[in-house]
Amino acid sequence: MQAIQVHNFGGPEVMQLEEVPDLVPAANQLKIEVKAVGVNPVDTYIRAGVYPLKPELPYTPGKDAAGVVTEVGSAVKHRKVGDRIYVCGCPSGSYAQQLICDEDQAFSLPDNVDFSSGAALGVPYSTAYYALNFRAHALPGETVLIHGASGSVGIAAIQIAKAKGLRVIGTAGTQQGLELIKSQGVIAALNHRTENYLDALEELTCGQGVNVILEMLANVNLDTDLKLLAKFGRIVVIGNRGRIEIDPRDTMGKNASIHGMSLFNADAKAMNQIHAAIKAGLIDGRYKQIIHSELPLADAAKAHDLVMQEGVYGKIVLIP
């Protein structure tokens with residue numbers, strides 16, 4: 001089979017499409033014929049060697065994909081050959097024509113969802129759901145501010161928050177991104193390239209501040225975020241690319257809190273709960289994936305450049 005291989009950490013160019021041996025599942029694993037691969041920013045951090053957890057070289061990148069089960073291990077109980085599934089995490093890497101995953105990393109893909117949309121589910125929707133419900137404990141009627149709402153995690157967060165009964169405010173940096181998040185039903189779409197764009201929150205929240213902030217770029221926004229919160233407000237740090245100085249006093253008067261999150265810390269029980277909720281939202285149409293572009297697997301380097309560009313909306317998908 002063909003797979004992207006990384007022999008040395010570095011820029012996108014270190015990813016090369018190579019011929020590698022076919023995969024064989026262990027007793028508790030599934031073998032998947034990959035139809036579509038989801039590209040995530042975390043993939044670029046791992047490839048560059050800056051992520052805390054580094055895979056053993058050489059490795060195949062990727063955590064998300066959708067496809068069809070072609071083989072099951074002897075201990076697999078709830079999956080069978082021919083099942084349409086999407087995966088969230090896989091030990092073999094997903095940038096390939098085949099992948100191996102544990103049974104609890106594979107989730108049923110409803111018939112009304114195509115494979116490219118399925119590849120957009122794993123990390124983005126899991127991250128958004130985990131941030132809102134397990135870290136922020138967001139409640140119906142609260143107001144949530146989503147920075148970078150036109151990205152794949154941001155779009156997922158809008159849909160999940162609206163389905164839960166939250167008032168959603170989103171930010172984006174392009175007119176196209178603003179129109180996209182408006183189409184998702186936010187109460188306001190704010191252009192973060194406009195000076196004093198956050199002043200609108202005073203009227204939008206009747207001077208009370210926002211209850212929850214999902215932060216995709218904490219090194220830029222965190223200090224300001226603390227000043228935007230209502231009493232007992234919560235910030236969930238989903239993305240960060242550097243250091244920032246904050247004044248802890250901004251948390252004290254409001255009993256505000258800052259929550260870090262990594263999806264890797266979610267256990268199997270939490271993931272099953274998350275994906276049961278995602279499946280229900282897929283079946284009834286509450287959750288609809290936005291695909292930015294589909295690229296051939298050989299263009300993985302181009303996909304890594306694209307996923308890190310500001311203003312790119314929706315999900316980038318590789319097709320083996």
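These numbers were taken from a predicted model, which means no experiment stands behind them. (Residues numbered from 1 in each chain as written. Predicted model: local features only at pLDDT ≥ 70, side-chain atom pairs only at ≥ 80, totals over all residues. Heavy atoms only, no water.)

A.B. asks: Explain the overall build of the protein residue by residue, including any values.
C.D. replies: Within the protein, the regular secondary structure consists of ten helices and 15 strands. Here the protein has a C-alpha radius of gyration of 20 Å; the compact-globule value for 320 residues is 20 Å, and the two agree. Structurally, the protein occupies a C-alpha span of about 60 × 40 × 35 Å along its principal axes. Relative to its full complement of 320 residues, the protein shows a buried share of 55%. Counted over contacts in the protein with a minimum sequence separation of 6, partners at least 24 positions apart contribute 65%. If the 28 positive side-chain charges of the protein are averaged to one point and the 33 negative ones to another, these points end up 6 Å apart. (Helix = DSSP H or I, 4+ residues; strand = E, 2+ residues; numbered from the N terminus. Rg over C-alpha atoms; globule rule 2.2 N^0.38 Å. Buried < 20%, exposed > 50% of the residue type's maximum accessible area, 1.4 Å probe, protein only. Contact = heavy atoms within 4.5 Å. Lys, Arg positive; Asp, Glu negative; His and termini not counted. Charge placed at Lys NZ, Arg CZ, Asp CG, Glu CD.)

A.B. asks: A description of the nonpolar core should follow, citing residues and the corresponding values.
C.D. replies: Counting 49 residues, the largest nonpolar core has Val144, Ile146, Ile158 and Leu214 as its most contacted members. At seven residues, helix 4 (residues 152-164) tops the list of elements feeding residues into this core. Non-local contacts of Ile146, meaning those with residues more than four positions away in its chain, are made with Gly154, Ala157, Ile158, Val168, Ile169, Gly170, Thr171, Leu214 and Met216. Ranked by size, the runner-up nonpolar core spans 32 residues in total, among them Ile4, Val6, Ile46 and Leu295. (Core = buried A, V, L, I, M, F, W, Y, C linked by side-chain atoms within 4.5 Å.)

A.B. asks: Can you tell me about helix 7 (residues 218-228), naming the residues and giving the values?
C.D. replies: Here helix 7 has its buried residues at Ala218, Asn219, Asn221, Leu222, Asp225, Leu226 and Leu228. End-on view of helix 7: buried residues confined to an arc of 145°, all on one side of the axis. On its buried side, helix 7 packs onto strand 8 (143-146), helix 6 (200-204), strand 11 (210-215), strand 12 (229-237), helix 8 (249-252) and strand 13 (257-260). (Arc of directions from axis to C-beta.)

A.B. asks: I'd like a description of the pattern of salt bridges, backed by residues and values.
C.D. replies: Applying the stated rule across the entire model yields eight salt bridges. The salt bridge involving Lys35 is made with Glu33; its shortest N-O contact spans 3.0 Å. Close ionic contact of Glu142 with Arg234 constitutes a salt bridge, the shortest N to O distance being 2.8 Å. With a gap of 92 residues between them, Glu142 in the loop between helix 3 (122-135) and strand 8 and Arg234 in strand 12 connect regions that are remote in the sequence. Considered together, Glu142 and Arg234 belong to a single accessibility category, that of buried residues. Overlapping salt bridges bring together Asp223, Lys227 and Asp250 as one network. (Salt bridge = Lys/Arg side-chain N within 4 Å of Asp/Glu carboxyl O.)

A.B. asks: Before we move on, can you summarise the side chain of Gln289 with the specific residues and values?
C.D. replies: Structurally, the position occupied by Gln289 is in the loop between helix 9 (268-283) and strand 14 (291-296). Aside from chain neighbours lying at most four places away, what touches Gln289 is Val113, Ser117, Ala120, Leu121, Tyr125 and Leu282.

A.B. asks: Describe the packing of helix 3 against helix 4, and please don't skip the residues or the numbers.
C.D. replies: Here helix 3 crosses helix 4 at 50°, and the two axes come no closer than 8 Å. Relative to helix 4, the element helix 3 is oriented oblique. Judged by the twist between their axes, the crossing of helix 3 over helix 4 is right-handed. Each of Pro124, Tyr125, Thr127, Ala128, Tyr129, Leu132 and Asn133 in helix 3 lies in contact with helix 4, whose residues at this interface are Ser152, Val153, Ala156, Ala157, Gln159, Ile160, Ala161 and Lys164. (Axes fitted to C-alpha atoms, helices over the stretch in contact; angles between N-to-C directions. Parallel < 35°, antiparallel > 145°, perpendicular 65-115°, else oblique. Left-handed = near helix turned anticlockwise from the far one by under 90°.)

A.B. asks: Hey, could you go over the environment of Ile213 for me, with residue numbers and the actual values?
C.D. replies: As for its position among the elements, Ile213 is in strand 11. A relative accessible area of 0% places Ile213 in the buried class. Along the backbone, Ile213 and Val144 are 69 residues apart, and their C-alpha atoms lie at a distance of 5.6 Å. In this view, Ile213 contacts Leu145, His147, Asp225, Leu228, Leu229, Arg234, Ile235 and Val236; residues no more than four positions away in its chain are not counted.

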